[in-house]
Amino acid sequence: MNERRTTGLPEKIYGDILNRILEGEYKEGERLPTEHALAERFATSRPTVREALARLRADGIIMTRHGSGTTVARRPDPDVRRFAPLETLSDIRRCYEFRMVTEAGAAGQAALKADSDDIAAIQHAWHELEQIIETQGIGTKDDFMFHLAVARASKNPFFITMMSFIEEQILFSMNLSRNLSLVKTVERQRLVQAEHWAVLDAIRRGDAPAASAAMRTHLENALERMFGS
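Sequence positions are assigned chain by chain, starting from 1 and proceeding in written order. With the structure being a predicted model, the display of local features is reserved for residues of pLDDT at least 70 and the display and counting of side-chain atom pairs for 80 or more, all residues being used for whole-chain, interface and lining totals. For the side-chain quantities, the full set of heavy atoms in the structure was used; hydrogens and water were omitted.

Draft legend 1. Representation of the nonpolar core within the structure. Judged by nonpolar contacts, the single largest core of 53 residues is most densely connected at Ile17, Leu89, Val150 and Ile203. Helix numbers and strand numbers start at the N terminus; a helix is a DSSP run of H or I with at least 4 residues, a strand a run of E with at least 2. Looking at which element gives the most residues to this core, the answer is helix α11 (residues 208-227), with 9 residues. All domain edges in this entry derive from an automatic or database-based domain assignment. Both domain 1 (9-72) and domain 2 (89-227) contribute no fewer than three residues apiece to this core. Every residue pair with non-hydrogen atoms within 4.5 Å of one another is taken to be in contact. Residue contacts for Leu89: discarding those within four places in its chain leaves Tyr14, Leu18, Val80, Leu176 and Phe227. Residues grouped as a nonpolar core are buried Ala, Val, Leu, Ile, Met, Phe, Trp, Tyr and Cys residues, joined through side-chain atoms within 4.5 Å. For every residue, the accessible area obtained with a 1.4 Å probe (protein chains only) is divided by the maximum for its type, and the residue is called buried under 20%, exposed over 50%, and partly exposed between those limits. One finds Phe144, Leu148, Phe159 and Met174 within the second-largest nonpolar core, a separate group that totals 11 residues.

Okay, structure coming up:
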C-alpha cells in the first residue's frame, strides 16, 4: 500500500477535485462543476468523470441530490497531503471500515477471554504509547502492537491472522493518523490515548459490549479526524 500505483485518468480526476476541495476552491455545501464542464477540463468522456465522482461520493466527500446537482459534503484534513498520496484515501477509508467490524469483535471477545498475561500485554502497549507522547514520536508500530495485543487476547487465531494479513495497510493508515495528530495539538494525542484506555479498561473489567463499543468508537473517531466532519 505504500507503493505508488499507476494512476489512471479517473484517479487523476479524483485527486484534482479532492485537492481543490482541500484548498477551499470548492467549499462545503457548494456545487461542483457539471459533468460536462469537468469532461471538457480533463479532455475526457463523461463516463470517466462519473467514475471519479462515484469514488468521491463513496468516500463521503461529495453528495448528489436530484435537482440540486453535486455538492461538497465534507472537507478532509488538508494535512493528509503531507503524509499520503491523495489517491490512497479511498483505500484508507476501506481499511478503517473493515477494522471497525473485525477489531470491535476482537475487543469484545478479549473482554470475555483475556487472562492476566493478555491484560498485562495490552497495558504494556498502552504505556509504550504514553512514552511516545512524552517524546513526541510517531509510534506507529507501538499503536499496531496495542491493537495486536487486543486481537491476541481474544484467543481466536482468526483475529490474529487478520491483523497480520493486512498489517501493511494498517500501519500505513496508522502512520497517517498519528502524523496528523502530531502536527495538531498534544490534546489531540491525549484524546487518542484516552480512546485506547477505554478499550483497555473495558477488557480489564470483562465488559464485552463496552470493549467492542470502545474499539469501534476509537476507529470511527480516527477516520472522522482524518476525513473531517
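And the narrative resumes.
Draft legend 2. Highlighting the domain arrangement of the chain. Domain boundaries assigned for the chain yield domain 1 (9-72) and domain 2 (89-227). Inter-centroid distance (C-alpha atoms) of domain 1 to domain 2 is 33 Å. Opposite the 6 residues of domain 1 that make contact, domain 2 presents 5 residues. At the boundary of domain 1 with domain 2, total buried surface from both sides reaches about 420 Å², with 43% on carbon and sulfur atoms. The quantity reported as buried area is the accessible area (1.4 Å probe) lost by two parts once they are put together, taken as the sum for both. It is Arg55, Ala58 and Asp59 in domain 1 that bury the most area against domain 2; as a group they hold 69% of the surface buried on that side. In what follows, salt bridge is the name for a side-chain nitrogen of Lys or Arg lying within 4 Å of a carboxyl oxygen of Asp or Glu. Put simply, domain 1 and domain 2 have 1 salt bridge between them. Across the pair Asp59 and Arg94 runs a salt bridge, and its minimum N-O distance is 3.2 Å.

Draft legend 3. Broad picture of helix α1 (residues 9-23). A helix is expected to reach a length of 1.5 Å times the quantity of its residues less one. Between its terminal C-alpha atoms α1 stretches 21 Å, which fits the 21 Å expected from 15 residues at 1.5 Å a residue. Looking at the buried side of α1, the elements it contacts are α2 (35-41), α3 (46-58), β1 (62-65), β2 (69-72), α4 (80-83) and α5 (89-113). Among the residues trailing α1, Gly24 stands out with phi positive, at a value near 90°.

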